[in-house]
Amino acid sequence: PPMTSSVMPSIARLDQAEPIPFGPLSQYRKLLGDAPLPLFTGVQTCQPGYQTPDHFHPYCEYLFIIEGVMEAWLVGREDEVQRLAAGDMIALPPDTPHAFRNPGPGELRLLGIHANSQRIVHRLDAAD
């Protein structure tokens, strides 16, 4: 028989998640994260024209498009923009500088899955 775990299932409700502004055109709502679960997830909502700064994470990041269109690229390979629509997903390896934007015309909603218990972002333009 399967072993029983002392850790109970986690339930996250998007409508109860506190919105965290990512500038004037985007917000993030954390769903799950922190120990003991090894993932951090959240839904980001971006208005047309929103673009992330160039950044990377020290773990794998997966972005699943729920609604709208996203254009993503690797830093240094901006001429190879990948266009993703609802139902598409991009997997970004650890320590891979990248960025994405919402080219419009509608809102972009995506589920971010971070292969870590905390969301860690290293911006390339940040002073060290």
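Preceding block: the structure.
The structure displayed is predicted, hence computed values, not measured ones. (Residues numbered from 1 in each chain as written. Predicted model: local features only at pLDDT ≥ 70, side-chain atom pairs only at ≥ 80, totals over all residues. Heavy atoms only, no water.)

Attention shifts here to the pattern of salt bridges. The final tally for this structure, using the stated rule, is five salt bridges. In this structure, the salt-bridge partner of Glu-71 is Arg-83, at a minimum N-O distance of 2.9 Å. Highlighted residues: Glu-71 in strand β6 (residues 69-74) and Arg-83 in strand β7 (residues 82-85), separated in sequence by twelve residues. Using a relative accessible area of 14% as the deciding quantity, one classes Glu-71 as buried. In this structure Arg-83 comes out as exposed when scored by relative accessible area, which is 54%. Where salt bridges share partners, they join Glu-71, Arg-83 and Arg-101 into one cluster. (Salt bridge = Lys/Arg side-chain N within 4 Å of Asp/Glu carboxyl O. Helix = DSSP H or I, 4+ residues; strand = E, 2+ residues; numbered from the N terminus. Buried < 20%, exposed > 50% of the residue type's maximum accessible area, 1.4 Å probe, protein only.)

Take the packing of aromatic side chains next. A complete count under the given rule lists three aromatic pairs for this structure. A centroid spacing of 6.4 Å and a plane angle of 20 degrees characterise the contact between Tyr-28 and Phe-40, whose relative ring orientation is stacked. Of this pair, Tyr-28 sits in strand β2 (residues 26-32) while Phe-40 sits in strand β3 (residues 40-46), and the two are twelve residues apart along the sequence. In this structure, Tyr-28 and Phe-40 share a single accessibility class: buried. Taken together, the aromatic side chains of Phe-22, Tyr-28 and Phe-40 make up a single cluster linked through ring pairs. A cation over an aromatic ring shows up here: Arg-119 above the ring of Tyr-28, its NZ or CZ 5.0 Å from the ring centre. (Phe/Tyr/Trp six-rings, centres within 6.5 Å; stacked < 30°, edge-to-face > 60°. Lys NZ or Arg CZ within 6 Å of the ring centre and 35° of its normal.)

Along the chain, Thr-52 falls in the loop between β3 and β4 (55-56). Judged by relative accessible area, which is 8%, Thr-52 ranks as buried.

Keep in mind that most residues, glycine aside, have a negative phi and that most peptide bonds are trans. Of note, the bond from Gly-104 into Pro-105 is cis; its omega dihedral lies within 30 degrees of zero at 10 degrees. Mapping Pro-105 onto the fold places it in the loop between β9 (98-101) and β10 (108-114). The backbone phi angle of Asp-95 is positive, close to 55 degrees, even though this residue is not glycine. Among the secondary structure elements, Asp-95 is positioned in the loop between β8 (89-92) and β9.

Turning our attention to the nonpolar core. Counting residues in each nonpolar core, the largest one holds 15 residues, and the members touching the most others are Leu-63, Met-70, Ile-90, Phe-100, Leu-108 and Leu-110. Sorting the residues of this core by element identifies β3, β5 (61-67), β6, β8 and β10 as the ones contributing at least two each. If near-sequence neighbours (up to four positions away) are discounted, Leu-63 is found in contact with Met-70, Asp-88, Met-89, Ile-90, Leu-92, Phe-100, Leu-110, Leu-111 and Gly-112. (Core = buried A, V, L, I, M, F, W, Y, C linked by side-chain atoms within 4.5 Å. Contact = heavy atoms within 4.5 Å.)

Below, the discussion takes up the side chain of Thr-45. Summarising the element assignment, Thr-45 is placed in strand β3. Relative accessible area serves as the criterion here: at 14%, Thr-45 is assigned to the buried category.

So, on to the pairing of β3. Counted residue by residue, β3 has seven buried out of seven residues, so it is predominantly covered. Where burial is concerned, the two faces of β3 agree: the one with Phe-40, Gly-42, Gln-44 and Cys-46 and the one with Thr-41, Val-43 and Thr-45 are both buried. Pairing analysis gives six bridges linking β2 to β3, with the strands arranged antiparallel. When the sheet's bridge partners are listed, Lys-30 is paired in β3 with Gly-42. Here β3 runs beside β10; their pairing, made up of seven bridges, is antiparallel. Residue Gln-44 lies in a different strand from β10, and its bridge partner there is Leu-110. (Pairing = 2+ DSSP bridges.)

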